[in-house]
Amino acid sequence: MMWTFIFLSVLSLNICQAAAQGNSTQKYYFKLKIDKNAIGNVTKLLRPFVNDTNFSIEDLKMTTECTENSDSVKCSCKLNHRWSDDVCWSHKMCCGDSECTFPTNSSQMCVSVRSVAVSGYLTLGQNYSDCLRDNTTEKYKECNDKLLMKMKEVYSTIRGFDTLKITRYRIGSVIAEFEMNTADGVNSKDLINKAQELSKRLPATFHLETAGNYSCTYTQEQPNVTIIHKDTGFLDVSLLPKISTSTDPPFVRCETINSVVTVTAKCEISKSSEPYVVTWIGNAIPQDPPDKSEETIVYKAVQIMTCNPPPVKPVELQCKFRNRCSQTRSGDIKIYFIKVGEKFCAAEGDWYDTKAGFTAELKCKNSAGVRLRKCSEAGGWEEEDSRCVLVELERTLQQAKIVNTGLGFKEENAADVLSSLENATNNTENIDTYANVNISVHVLSTLHQRLDEINNNSSIDHLLESSSNLLDRSLNKSWTSPPRDINLTLADTYLSSLERLIKIANTTDISRKPNVEVVTCVNKTECENSVFNVNVSLKNWESGVVKTTGFKQLESYLPHDWEMKPNSIVMSTTTNGSTDKVNITINFPLITPRPRHVRLECVSWNNTARKWSSDGCKWAGADDEGRCTCTHLSSFAILLSRYPMNITGETEMTYVGLSVSIISLTISLLIELVVWSDVVKTNTLHLRHTAHVNISVCLLVGNCCFLASSKPRDLSHIWCKTLTVLKHFSYLSMFFWMLCLSATLLHQTLYLFHQVSRTKYLRFSMIVGYGCPLLIVFVTFLTNNSGGESSYYRKDTCWLVYVGLMSGSIFTFVIPVGIIVFVNIFSMLVVIMKLLHHQENMDKSREKEKAAAKTILRTVVLLTPVFGVTWIFGLAVLIVDLTSGPIAYLVNYVFIFMNGFQGLFILLTTCLGDRTTREALLKRFRKKAPASTSDSSVKLDFKVKK
């Protein structure tokens, strides 16, 4: 008994209410069980059964012929028919028109080789807005039925019309996607005419794609209608296998020189319906039949060898697979020997005996990939290198490799791949190894090489979700610990692949995932995008779609120079428009605040050099730290220097200046000791020289502590803290003694005849010179975490902490110094003005004018360095950042020079520059009469009461 499938083409004016000028066509499929002898006359016998004036049978064809057996049925396609795509995909052996075997209850049938599948969408007006409602509502059903009926009224008149269905609705006005099938070939002109007719009735615009067996591929466009014809064919493909070779045991060990060893060579392939013919080249004995499992077939051959003499080189075998088309592929096998006395790593656990200098390889259990372990030249095992990956990820990668060449449509295949990738990466604990992250990234890389566009919204969502999963913080170690033999970074491949995939993705919305954000700007002259608080501005833009993508954690994985480290997330901007004239401004939030004098660098990723490059990008400077301006589109970030900017010659100038200063201060103190009794004839001179001695002592102690802490890393915390306290106190005391000196000169200049007790004045100076600094240091120490590190002092500098403007322990030094410097300058100006006033009251003789000029000049030379005018530049150093440019370097050089040599200035001005001191010193050396104090540097004769 045989049975057959037959389809009828029925013509009628009543089907689908067709227009008068065309009959509707409806296909009916019948399964008939008839006697074998009636097969030839079946079409003639069936025609009388249809007897209706409103219906007529236009075409009646037999498609499939089947023969029943006891437990199955064998079917074959009739001429000009083939198995449908559904049958081909579900039964791998049933493609084309080959004979197939099915279960007895099967209803599989063949279709015409001229059948055409039409898919497309039409854009409707708001009259069909109810079609966007939930598909369970009555309004949706009414709207859908109304539209479907109108479409069938027109399309059912196409010859061979079979089925029509609306697959979904989406927003964009109202867009209805539909699929239509015809049993016979369709005329493209008819298709255009029907689409134009329907577009007038609805009204609507159409976009159609056809798939069938055509002799060419072309695109047709008419008003409101676009049709793209795609040719598909069915090939009888004869496959070639992927061969995996191995030996058992992997290394043959000769325990004695007379040993006879047996080795089994294996060639493993994936299970296939291809009837390969396998031959072995070499002396191995083939073993039949091969071992078969659910997924693999293993072909084996046995090689028997002796260890006397041992083989000089590895024994080579080859297995060759030949398919039905006589195409061949071979697998090479080498058998390695461990000779008697040769070093090797003994078997350990799963690991087998391995020859020294070689790497053992084991297949992963319950996962794809291999485990590797090297045996060193000395015969010792090294650490295992596991490259096991999830089976789901391995399958996803293989699907990605054939996304544009395998069965099915490319976009649907891509959707399946991206969905599988998202499912595999959703649980980051399962992929927390370098191998799993590596294969996931290579899925993205493979897709970006094979896809031209991604239009499916769900595919785009799967892409972004899986990409975000890979950047989860829990996978940090997996990104940063590649095997030793892998040089390229995963992050580089990830960035370039995802950047390309996002560029071709048809996304116009904002997509936000935990670690990846995408914002799109469409056809605007000024684009303002923001991802993860990174603001991007693209002005004077001509046209096109601009996509901005932010990546969290990626900056830590991309390679960078050791001197710089990432200080922002990675942000990518791409466009499908022209990039000839681009000016993009990016405002990055910094990951860590920029320390003073530390340079930031705006960079873009160079895909060719595989590194960050500053070409075409400029940093806005310290006033706007996170802003970058670039003249091209790429992936951008900000790098932070690991070290502050250096001032050329700073260390040398400081050490030379301090050394000279210490020597000068020591000489000054010795001179004061030698001439003390000769220069303190009056109370005024006694107070002035006392102040000079204390200033010199404080500066000497401070400079010595500074030199002792020149290498902070070599000091312990306690020593660093102690030196900081001593410097803090010494430098403050120096300035307060300067304040005492300026107060003395100011008082004596303003009140020429006022008598002051020496004892009271000295007591006052001691309290101000040492008491005030001690109090300031004590309070600062206690209020800053009891002198804690990073609160009171910094270990890397052994000096006070600067946090920001008016913030940090440094300001307990800066503020008092600033006040004292201001008072000193004020005092100096008052003294100069008084001296000038005295000059006006003098006689007008040339000698007096000359003497007055010398007095003014001497006063300025004496007071300026002693009162610390150079510390104005010290305040400027704290305010000006070295990244500001040349002015910052100039300020620092002036301060380093003047402050470093301050001890020398004191020696030259207060000792050698003072006539009284010089004459007293010469007296000691020459043993001559003392010089008159009336010729001292400042001709003042004050009477001071005791």
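For clarity, every value in this text was computed on a predicted model and none was experimentally measured.

Rules and cut-offs
- Residues numbered from 1 in each chain as written.
- Predicted model: local features only at pLDDT ≥ 70, side-chain atom pairs only at ≥ 80, totals over all residues.
- Heavy atoms only, no water.
- UniProt positions renumbered as here; feature names shortened; annotations may be inferred.
- Helix = DSSP H or I, 4+ residues; strand = E, 2+ residues; numbered from the N terminus.
- 1 Å grid on protein atoms, 1.4 Å probe; cavity = no way out; pocket = protein on both sides within 12 Å on 5 of 7 lines; lining within 4 Å.
- Points joined across faces, edges and corners; volume = space filled by probe spheres on them.
- Nonpolar A, V, L, I, M, F, W, Y, C, P; charged D, E, K, R; others polar.
- Pairing = 2+ DSSP bridges.
- Axes fitted to C-alpha atoms, helices over the stretch in contact; angles between N-to-C directions.
- Parallel < 35°, antiparallel > 145°, perpendicular 65-115°, else oblique.
- Left-handed = near helix turned anticlockwise from the far one by under 90°.
- Contact = heavy atoms within 4.5 Å.
- Buried < 20%, exposed > 50% of the residue type's maximum accessible area, 1.4 Å probe, protein only.
- Arc of directions from axis to C-beta.
- Phe/Tyr/Trp six-rings, centres within 6.5 Å; stacked < 30°, edge-to-face > 60°.
- Disulfide = S-S within 2.5 Å.
- Core = buried A, V, L, I, M, F, W, Y, C linked by side-chain atoms within 4.5 Å.

**A closer look at the UniProt feature "transmembrane region" (unreviewed entry) in the protein**
Reasoning step 1: UniProt records the feature "transmembrane region" (unreviewed entry) at residues 655-679, 691-709, 729-752, 764-782, 802-835, 856-880 and 886-908, using the numbering of this structure.
Reasoning step 2: Secondary structure across residues 655-679 comprises 100% helix and 0% strand; the distance between its end C-alpha atoms is 33 Å.
Reasoning step 3: End C-alpha atoms of residues 886-908 are separated by 31 Å, and the span's content is 96% helix alongside 0% strand.

**So, empty space enclosed by the protein**
Reasoning step 1: Taken as a whole and judged by the stated rule, the model has four cavities of 30 Å³ or more.
Reasoning step 2: Its boundaries defined by the atoms lining it, the second largest cavity holds a volume of some 50 Å³.
Reasoning step 3: For the second largest cavity, the full set of lining residues is L687, T690, A691, W737, C740, T744, Y761, L762 and S765.
Reasoning step 4: Elements with a minimum of two residues in the lining of the second largest cavity: α12 (683-708), α13 (717-750) and α14 (758-783).
Reasoning step 5: Taken together, the residues of the lining of the second largest cavity break down into six nonpolar, three polar and no charged.

**Quick look at the sheet that holds strand β14 (residues 244-248)**
Reasoning step 1: What the four strands build is an open sheet, ordered β14-β16-β19-β18; its pairing is antiparallel. Every other strand in the sheet has two partners, leaving β14 and β18 (285-292) as the edge strands with one partner each. Neighbour-to-neighbour, the strand axes of this sheet turn through a mean angle of 25°, independent of strand direction.
Reasoning step 2: Judged from the 11 bridges that link them, strand β16 (residues 260-270) and strand β19 (residues 296-306) form a sheet pairing that is antiparallel.

**Some thoughts on the packing of helix α6 (residues 410-425) against helix α8 (residues 457-470)**
Reasoning step 1: At a closest axis distance of 8 Å, the pairing of α6 and α8 adopts a crossing angle of 30°. One element, α6, and the other, α8, form an angle in the roughly parallel class. Crossing angle aside, the handedness with which α6 passes α8 is left-handed. Facing α6, whose interface residues are A415, L418, S419, L421, E422 and T425, α8 presents S459, H462, L463, E465, S466, N469 and L470.
Reasoning step 2: By residue class, the composition of the contact of α6 with α8 is five nonpolar, six polar and two charged.

**Side note on helix α5 (residues 391-401)**
Count 3.6 residues to each turn of an α-helix, and residues three or four apart come out pointing the same way.
Reasoning step 1: Within the sequence span of α5, burial applies to L393, T396, L397 and A400. Considered in projection along α5, the buried side chains sweep an arc of 100° and stay on one side of the axis.
Reasoning step 2: Residues of α5 that are buried sit in contact with α6 and α7 (434-450).

**What to know about the pairing of β19**
Strand residues, when the strand is regular, have side chains that alternate between the two faces of the sheet.
Reasoning step 1: Across five bridges, β18 lies against β19 in antiparallel orientation. Each residue of the ladder has a partner; that of Q287, found in β19, is K300.
Reasoning step 2: Hairpin remark: β18 followed by β19, antiparallel, with three residues in the connecting loop.

**Concerning the environment of N144**
Reasoning step 1: Of note, N144 is situated in helix α3 (residues 138-155).
Reasoning step 2: The class for N144 is buried, based on a relative accessible area of 14%.
Reasoning step 3: Ignoring any residue separated from it by four or fewer positions in sequence, one finds N144 in contact with C131, I166 and Y169.

**Topic: the packing of aromatic side chains**
The description of an aromatic ring pair uses the distance of the two centres, along with the angle that the planes make with each other.
Reasoning step 1: By the definition in use, this model includes 21 aromatic pairs.
Reasoning step 2: When the centroid spacing of 6.0 Å and the interplanar angle of 40° are considered together, the rings of F251 and Y336 count as tilted. On the criterion of sequence distance, the pair formed by F251 in strand β15 (residues 251-253) and Y336 in strand β21 (residues 328-338) is long-range, its members being 85 residues apart.
Reasoning step 3: Judged by relative accessible area, F251 falls into the buried class, the value being 8%.
Reasoning step 4: Ring geometry for Y494 against F551: centres 6.2 Å apart, planes inclined by 75°, an arrangement best described as edge-to-face.

**Focus on the state of the cysteines**
Reasoning step 1: Tallied over the full model, the rule gives 11 disulfides.
Reasoning step 2: Disulfide partner of C254: C307, at an S-S distance of 2.0 Å. When the S-S torsion is -85°, as for the bridge of C254 with C307, the disulfide is left-handed. Of this pair, C254 sits in the loop between β15 and β16 while C307 sits in the loop between β19 and β20 (315-322), placing them 53 residues apart in sequence.
Reasoning step 3: Overall, the relative accessible area of 2% leaves C307 in the buried class.
Reasoning step 4: Here C364 pairs with C388 through a disulfide, and the sulfurs are 1.9 Å apart. Linking C364 and C388, the disulfide has an S-S dihedral of approximately -90° and is accordingly described as left-handed. With C364 in the loop between β24 (359-363) and β25 (368-375) and C388 in strand β26 (residues 381-389), the pair connects residues that are 24 residues apart, well separated along the chain. Each member of the pair C364 and C388 is classed as buried.

**Comments concerning the nonpolar core**
Reasoning step 1: Membership of the largest hydrophobic core comes to 51 residues, with the highest contact counts inside it found for L447, W479, Y494, F551 and L554.
Reasoning step 2: Secondary structure elements with two or more residues in this core: α5, α6, α7, α8, α10 (490-504), β28 (516-522), β35 (600-606) and β39 (635-641).
Reasoning step 3: The residues contacting W479, other than those within four sequence positions of it, are V437, V441, L470, L471, L490, A491, Y494 and Y557.
Reasoning step 4: Within the second largest apolar cluster, 31 residues are counted, among which are M738, V768, V777 and L800.

**Topic: the sheet that holds strand β29 (residues 527-531)**
Reasoning step 1: Within the open sheet, the five strands sit side by side as β29-β30-β34-β38-β37. Their pairing is antiparallel. Edge positions in the sheet fall to β29 and β37 (617-619), since each of these pairs with one other strand and no more. With direction set aside, neighbouring strand axes in the sheet form an average angle of 20°.
Reasoning step 2: As defined by bridge partners, strand β34 (residues 584-587) adjoins strand β38 (residues 627-630) across four bridges and the pair is classed as antiparallel. When the sheet's bridge partners are listed, N587 is paired in β38 with R627.

**Here we look at unusual backbone geometry**
Reasoning step 1: In this chain, D248 is followed by P249 through a cis amide linkage whose omega measures 0°.
Reasoning step 2: In this chain, N308 is followed by P309 through a cis amide linkage whose omega measures -5°.
Reasoning step 3: In this fold, P309 is placed in the loop between β19 and β20.
Reasoning step 4: We note that N80 has phi near 65°; this positive angle belongs to a residue other than glycine.
Reasoning step 5: For N80, the position within the fold is in the loop between β4 (73-77) and β5 (81-83).
Reasoning step 6: Positive phi, close to 60°, is recorded for N785, a residue that is not glycine.
Reasoning step 7: Turning to its location among the elements, N785 is positioned in the loop between α14 and β40 (793-794).
Reasoning step 8: Residue N785 is classed as exposed on the basis of its relative accessible area, which comes to 59%.

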